[in-house]
Amino acid sequence: EKKSKTRKQRRKQFKNNSSRSLNNIIRGGLKNSSRNARSSIMSLNNSIKSVQLNSFASSDNEQLKKLMADLKEAEKKQRLLEKQLKQAGVTVAEDISYDVAKEEITRIAKRMNEIGSSEVEHEDKKIQAELREEYFKLEQDMEKYSAALVLSDEYAAEQDRIERDWVESNADDNMEALKKLRRHMPVDVKLLSEAQLCGEETPNGKYLPKATAKKFKRTNVLQMIRIDPEDIVRMHPSTLENFRVTGLTLTERRGVYTHLKDMGPKWEAMKADKMTERKWTWFKMMKLNFKENLESYKRHVAQYGPPGNHPYATRKNPNVGCPLLGKQCPLKADKVIDYDGNYGYTEEAEYLESNLKKADKEDPGAKAKREALELAREKKANKRQDGLKQHYKGKLLQVAKAGGSCAAMDDMMDKIDDYRLKWMEDRLTKEEDTKREQIAFMDALNEIKLAVLVFAERSGMQMTGKRDANATNPDIRSPLELGLSEEVCEYCFTIFQEMQERMEELKVKGGIFKSSTLQLRELMDELHERNISTLKELNIERPEQTRKLKPSNEIKRQIEEKIAATKPPPQEEEAGYGPPMGGGGGRGGLMSAIAG
């Protein structure tokens, strides 16, 4: 019997939560329409009164009849809208003043806190039933007064004031965060690979940390701070929705919000358009996440102190200072990528698009090629998103995970291309350094291993504890993920073979290298078999390859052509004038000829 009651209570709670979510979604549409209908009715009533007063003098009832017909139509529309609201489970807002609604909400909240919850328990079952019934009625009253409060003009004005205060109080810190990000990010970050970002010298002679370069390329929403806001306003909503906004530090959220804050009102003003509404929704969620992170950070600072004066609890004093470990502490989480340094990049509002615009007049062909590539990438991203939604039947969490996995596999193949290109270029342009190449190979193996472990776990393979083939989970991946996973396997097998051949060429034993490569090969073989097996279960052929794997001889030829193109052309020898008179060479022959 208790279990049955618990189930009913859970159903009731789920129903209430669903109703509240639905309220938030449709309240802006249906309730505003209902409110507009009421305003129209009030206006018509006032007009009718005016006409009635004048009709006694003019005896002209035509205008009155028209107004009466309009009034009936408005009342009919209002009843229909209210009926739709009730069918959707939304409480229709009554005409209650702001002050009354605020007082009632305070009173109801106080009484609800006194009772405790809808599952309150009491020794006397009769009193318990009365308390639960009272709590239920209080919930209904709370919803009624809350709806009236939210729709009042005073509430809207108060929210605007609160929003302005929040913007003004955080403006300086937000702008400083944006400048910090720009000092770490080159203007052409979108065109550079991860290897180029951390391998090329910055304007002030430093090198960008690998972790920072990795963050810029993988959390691609950060690259928006180097895109002209006017270009962002015109972006397709799917482009915005495909930006990764998870895993941002507070400093990064501050910088991105500051760069985009002027676009929010523009999108909000045009949200009647469905495409623009998607942009506004994306911006609103991004801003909401930033606000939540900021409030959490400020509460923590108020309790345990700001940076520089933020003591941590110790074994000797466990009750003094911040008890949170690692990234659980908001201050440490914000310093995972430290932007306090300066790498010489401009902190001014300089954008990649502005540089490209200058070249438009000189090279329209380059512009057309760039636009075509961007359009192709956008179409590819949209097609990928549609395919994932179809496979996972609209389950947004699974679609998001699959999209992240696909992006990670793309990044891994980009990395392998960069490794192969850099290693071949070093062999052709630098002196042979066995130790340098060994270190580069081991770094690459470690990077590949970390990524492959994630891909294998995504496939359902057991990656923790003792390996057991029977303990694997079902493979739920989509055909698109399976195709990309096969491409990753081919890329990895190729780079493993090339590294092995180079180690043999250098006559290096490399025991650790061989064992690491062997372990990775075994893991990749298992992942490959799982890919093929899942494709057979789905009765689907392997998807078409998304990229072409270049053979090493083609990479070598391209680099040799590049080196040859950079060499200056040989200078032509000046024409000689023949040997001096008298047959002798040099100054002595000339003097003897003069002497006779």
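On a predicted model such as this, the values are computed, not experimentally measured, just so you know.

Novice: Just give me the short version of the overall build of the chain, but keep the residues and values in it.
Specialist: When helices and strands are counted, the chain shows 21 helices and 0 strands. Expressed as a percentage of the 596 residues in the chain, the buried residues total 33%. When contacts within the chain are restricted to residue pairs at least 6 apart in sequence, long-range pairs at least 24 apart make up 74% of them. Here the chain has roughly 38,100 Å² of accessible surface; of this, 52% comes from carbon and sulfur atoms.

Novice: An account of helix H5 (residues 153-184) is needed here, citing residue identities and associated values.
Specialist: When the terminal C-alpha atoms of H5 are compared, their 45 Å separation across 32 residues agrees well with the 46 Å that a helix rising 1.5 Å per residue should span. The largest bend in H5 amounts to roughly 50° and is located at Ala171. Looking only at H5, the buried set comprises Trp166, Asn170, Asn174, Ala177, Leu178, Leu181, Arg182, Arg183 and His184. Check the buried side of H5 and you find it contacts helix H7 (210-218), helix H10 (250-260) and helix H12 (274-304).

Novice: Describe in detail the packing of helix H17 (residues 434-458) against helix H19 (residues 511-537), supporting the description with residues and values.
Specialist: Where H17 contacts H19, the two axes come as close as 11 Å, and the packing angle between them is 25°. On the basis of their axis angle, the class for H17 and H19 is roughly parallel. Where H17 crosses over H19, the handedness of that crossing is left-handed. Contacts from Phe441, Met442, Leu445, Lys449, Val452, Leu453, Phe455 and Ala456 of H17 reach H19 at Ile512, Phe513, Ser516, Thr517, Gln519, Leu520, Leu523, Met524 and Leu527.

Novice: Got a sec to walk through the side chain of Arg477? Specific residues and values, please.
Specialist: Its location among the elements puts Arg477 in the loop between H17 and helix H18 (479-505). For Arg477, the side chain forms a polar contact with the side chain of Ser485, separated by 3.5 Å. Excluding residues that lie within four positions of it along the chain, Arg477 makes contacts with His391, Tyr392, Arg458, Ser459, Leu482, Ser485, Leu527, Arg530, Asn531 and Leu538.

Novice: Give me the lowdown on the nonpolar core, citing residues and values where you can.
Specialist: Counting residues in each nonpolar core, the largest one holds 42 residues, and the members touching the most others are Ile232 and Leu260. Going through the elements one at a time, H5, H7, helix H8 (229-233), H10, helix H11 (263-269) and H12 are the ones with two or more residues in this core. Tallying contributions element by element places H12 first for this core, with 8 residues. If sequence neighbours within four positions are ignored, Leu260 has contacts with Met224, Ile232, Trp282, Phe283 and Met286. Of all hydrophobic cores here, the second largest spans 32 residues; its members include Met409, Trp423, Ile448 and Val508.

Novice: Any chance you could break down the pattern of salt bridges for me, citing the residues and the numbers?
Specialist: Counted by the stated rule, this structure contains 34 salt bridges. Asp417 is the salt-bridge partner of Arg547, the closest N and O atoms lying 3.8 Å from each other. Pair noted here: Arg547 is in the loop between H19 and helix H20 (552-566) and Asp417 is in helix H16 (residues 396-429), with a separation of 130 residues, a long-range link. A relative accessible area of 28% means that Asp417 is categorised as partly exposed.

Novice: Run through the packing of H18 against H19, naming residues and quoting values.
Specialist: Packing of H18 against H19 brings their axes to within 10 Å, and their N-to-C directions diverge by 155°. Judged on the interaxial angle alone, H19 and H18 are roughly antiparallel. Once H18 is placed against H19, the crossing between them reads as left-handed. Split into classes, the residues belonging to the contact of H18 with H19 amount to 14 nonpolar, 7 polar and 4 charged.

Novice: So, the packing of aromatic side chains: which residues are in play, and what are the values?
Specialist: For the structure shown, the criterion picks out 10 aromatic pairs. For the ring pair Phe441 and Phe513, a centre distance of 6.3 Å and an interplane angle of 35° mean the geometry is tilted. Here Phe513 lies in helix H19 and Phe441 lies in helix H17, a separation of 72 residues in the sequence. By way of ring pairs, the aromatic residues Trp166, Tyr257, Trp267, Trp280, Phe283 and Phe290 are connected into one cluster. If you follow Lys206 out to its NZ or CZ, it ends over the ring of Tyr343, 5.5 Å from the centre. Just above the ring of Trp166 sits the side chain of Lys291; from NZ or CZ to the centre is 4.8 Å.

Novice: Give me the lowdown on the environment of Arg244, citing residues and values where you can.
Specialist: If you trace the backbone, Arg244 turns up in the loop between helix H9 (237-241) and H10. Taking the relative accessible area as the measure of exposure, Arg244 reaches 27% and is therefore partly exposed. In sequence terms Arg244 and Gly404 are 160 residues apart; their C-alpha atoms lie 8.5 Å from each other. In this structure, Arg244 is in contact with Arg218, Thr219, Asn220, Val221, Ala407 and Asp411, ignoring residues within four places of it in sequence.

Novice: Can you lay out empty space enclosed by the protein for me, pointing to particular residues and giving the numbers?
Specialist: The full count for this structure, using the stated rule, is 1 cavity of 30 Å³ or more. What lines the largest cavity is simply Ser405, Met409, Phe455, Arg458, Arg477, Glu481 and Ser485. At the level of secondary structure, the elements contributing two or more residues to the lining of the largest cavity comprise H16, H17 and H18. When grouped by side-chain class, the residues that make up the lining of the largest cavity number 2 nonpolar, 2 polar and 3 charged.

Novice: Before we move on, could you go through the confidence of the model for the chain and cite the residues and values that matter?
Specialist: Confidence in the prediction of the chain, expressed as mean pLDDT, is 80, and 78% of residues score 70 or more. Per-residue pLDDT stays below 50 along residues 1-5; that stretch engages in 0 contacts with residues further than four places along the chain or on separate chains. Throughout residues 18-22 the model reports pLDDT below 50, and contacts reaching past four residues in sequence, or to other chains, amount to 4 contacts.

Novice: Requested: an account of the state of the cysteines, with residues and values cited.
Specialist: By definition, a disulfide links the sulfur atoms of two cysteine residues through a covalent bond. Tallied over the full model, the rule gives 0 disulfides. Of the cysteine sulfurs around Cys489, a residue in no disulfide, the closest is that of Cys492, at 6.7 Å.

Conventions we followed
Residues numbered from 1 in each chain as written. Predicted model: local features only at pLDDT ≥ 70, side-chain atom pairs only at ≥ 80, totals over all residues. Heavy atoms only, no water. Helix = DSSP H or I, 4+ residues; strand = E, 2+ residues; numbered from the N terminus. Buried < 20%, exposed > 50% of the residue type's maximum accessible area, 1.4 Å probe, protein only. Contact = heavy atoms within 4.5 Å. Areas by Shrake-Rupley, 256 points an atom, 1.4 Å probe, with all protein chains shown as cover. Expected span 1.5 Å × (residues − 1). Bend = angle between axes of the 7 residues up to and from the residue. Axes fitted to C-alpha atoms, helices over the stretch in contact; angles between N-to-C directions. Parallel < 35°, antiparallel > 145°, perpendicular 65-115°, else oblique. Left-handed = near helix turned anticlockwise from the far one by under 90°. Polar contact = N/O pair within 3.5 Å; in protein donor to acceptor, adjacent residues only side chain to side chain. Core = buried A, V, L, I, M, F, W, Y, C linked by side-chain atoms within 4.5 Å. Salt bridge = Lys/Arg side-chain N within 4 Å of Asp/Glu carboxyl O. Nonpolar A, V, L, I, M, F, W, Y, C, P; charged D, E, K, R; others polar. Phe/Tyr/Trp six-rings, centres within 6.5 Å; stacked < 30°, edge-to-face > 60°. Lys NZ or Arg CZ within 6 Å of the ring centre and 35° of its normal. 1 Å grid on protein atoms, 1.4 Å probe; cavity = no way out; pocket = protein on both sides within 12 Å on 5 of 7 lines; lining within 4 Å. Points joined across faces, edges and corners; volume = space filled by probe spheres on them. pLDDT = per-residue confidence, 0-100. Disulfide = S-S within 2.5 Å.

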